[in-house]
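One-letter residues, chain by chain:
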Amino acid sequence: MSRGISNCNPGNIRRSRVSYKGEVHPSQDKDFKQFESMEWGYRAMFVLLDTYRVRYGLCTLREMISRYAPPEENHTALYIDAVCDVTGIGPDEPLNTRCREDMVPVVAAMSRVENGSAAVLREVERGFDLTHWEC
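Computed from a predicted model, the values in this text were never measured in an experiment.

The rules behind each value
- Residues numbered from 1 in each chain as written.
- Predicted model: local features only at pLDDT ≥ 70, side-chain atom pairs only at ≥ 80, totals over all residues.
- Heavy atoms only, no water.
- Helix = DSSP H or I, 4+ residues; strand = E, 2+ residues; numbered from the N terminus.
- Buried < 20%, exposed > 50% of the residue type's maximum accessible area, 1.4 Å probe, protein only.
- Areas by Shrake-Rupley, 256 points an atom, 1.4 Å probe, with all protein chains shown as cover.
- Lys, Arg positive; Asp, Glu negative; His and termini not counted.
- Charge placed at Lys NZ, Arg CZ, Asp CG, Glu CD.
- Polar contact = N/O pair within 3.5 Å; in protein donor to acceptor, adjacent residues only side chain to side chain.
- Contact = heavy atoms within 4.5 Å.
- Core = buried A, V, L, I, M, F, W, Y, C linked by side-chain atoms within 4.5 Å.
- Axes fitted to C-alpha atoms, helices over the stretch in contact; angles between N-to-C directions.
- Parallel < 35°, antiparallel > 145°, perpendicular 65-115°, else oblique.
- Left-handed = near helix turned anticlockwise from the far one by under 90°.

A.B. asks: Teacher, can you tell me more about the overall build of the protein chain here?
C.D. replies: The helix and strand inventory of the protein chain stands at six helices and zero strands. Along the protein chain, helices and strands appear, N-terminal first, in the series α-α-α-α-α-α. Dimensions along the principal axes, computed over C-alpha positions, put the protein chain at roughly 35 × 35 × 30 Å. Here the protein chain, with 135 residues, has 48% of them falling under the buried criterion. For the protein chain, the exposed area adds up to about 7,300 Å²; of that, 48% sits on carbon and sulfur atoms. With 17 positive and 20 negative side-chain charges, the protein chain shows a spacing of 7 Å between the two charge centroids.

Listed below in structure tokens is the structure:
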């Protein structure tokens, strides 16, 4: 089982001062956040990507993933290609981060890259529902 799955953190979100709903305090993992369930972990991914758009003006997969998985630590270009291939979304197409149709496939694809296995779609969808956004 991957670290992200065992932490219910499918996005492998690092520990930080930012606190998310459903987060386990304190995390037993010294580097990554832990969540009460996969749904809460997916919700955190949606919220983080929305923050990238709203706060930093990052609107495309290329921009978001380059911040989420920076090249100093990751094979960012391969990550972007993998998400684009699965979703059919171009790397420079603007995304509405509060739109279920756009973001559920993106977050599911990111989870697959992070964990090496397909996401359970109903958990990703429930994570989006926990944001209470509608587009």
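The structure having been displayed, the exposition proceeds.
A.B. asks: Sorry, what's going on with the side chain of Ser27 here?
C.D. replies: Its location among the elements puts Ser27 in the loop between helix H1 (3–6) and helix H2 (38–56). A distance of 3.4 Å separates a polar atom in the side chain of Ser27 from a polar atom in the side chain of Gln34. Non-local contacts of Ser27, meaning those with residues more than four positions away in its chain, are made with Arg15, Phe32, Lys33 and Gln34.

A.B. asks: Looking at this model, I keep getting lost on the environment of Pro71. Mind explaining?
C.D. replies: With respect to the secondary-structure elements, Pro71 resides in the loop between helix H3 (61–68) and helix H4 (76–87). Note on Pro71: relative accessible area 54%, which makes it exposed. Aside from chain neighbours lying at most four places away, what touches Pro71 is Ser66 and Thr76.

A.B. asks: I tried to follow the nonpolar core on my own but got confused; where do I start?
C.D. replies: Looking at soluble globular proteins, one finds that nonpolar side chains tend to be buried together. Grouped together as the largest cluster of nonpolar side chains are 35 residues, with contacts concentrated most on Phe46, Leu49, Leu61, Tyr68, Val83, Val106 and Met110. Mapped onto this core, the elements with two or more residues apiece are H2, H3, H4, helix H5 (100–115) and helix H6 (121–129). Here this core takes nine residues from H2, the largest share from any one element. In this structure Tyr68 touches Gly11, Asn12, Ile13, Met45, Leu48, Leu49, Tyr52, Tyr79, Met110 and Glu114, once residues within four positions along its chain are discounted.

A.B. asks: Whenever I open this one, the packing of H2 against H3 confuses me. Can you help?
C.D. replies: Any two packed helices are characterised by how steeply their axes cross, that is the angle between the axes, and by the distance between the axes. Relative to each other, H2 and H3 sit at 110°, their axes nearing to 11 Å. Here H2 is positioned roughly perpendicular relative to H3, judged by the angle of their axes. As H2 runs across H3, the sense of the crossing is right-handed. Across the interface between the two elements, Met45, Leu48, Leu49, Tyr52, Arg53 and Tyr56 from H2 touch Met64, Arg67 and Tyr68 from H3.

A.B. asks: Even after reading the chapter, I still don't get the environment of Ser19, so can you show me in this structure?
C.D. replies: The residue Ser19 is located in the loop between H1 and H2 in this model. For Ser19 and Asp29, which are ten residues apart along the polypeptide, the C-alpha to C-alpha distance reads 15 Å. Among the polar contacts listed, one links the side chain of Ser19 to the side chain of His25, at a separation of 3.1 Å.

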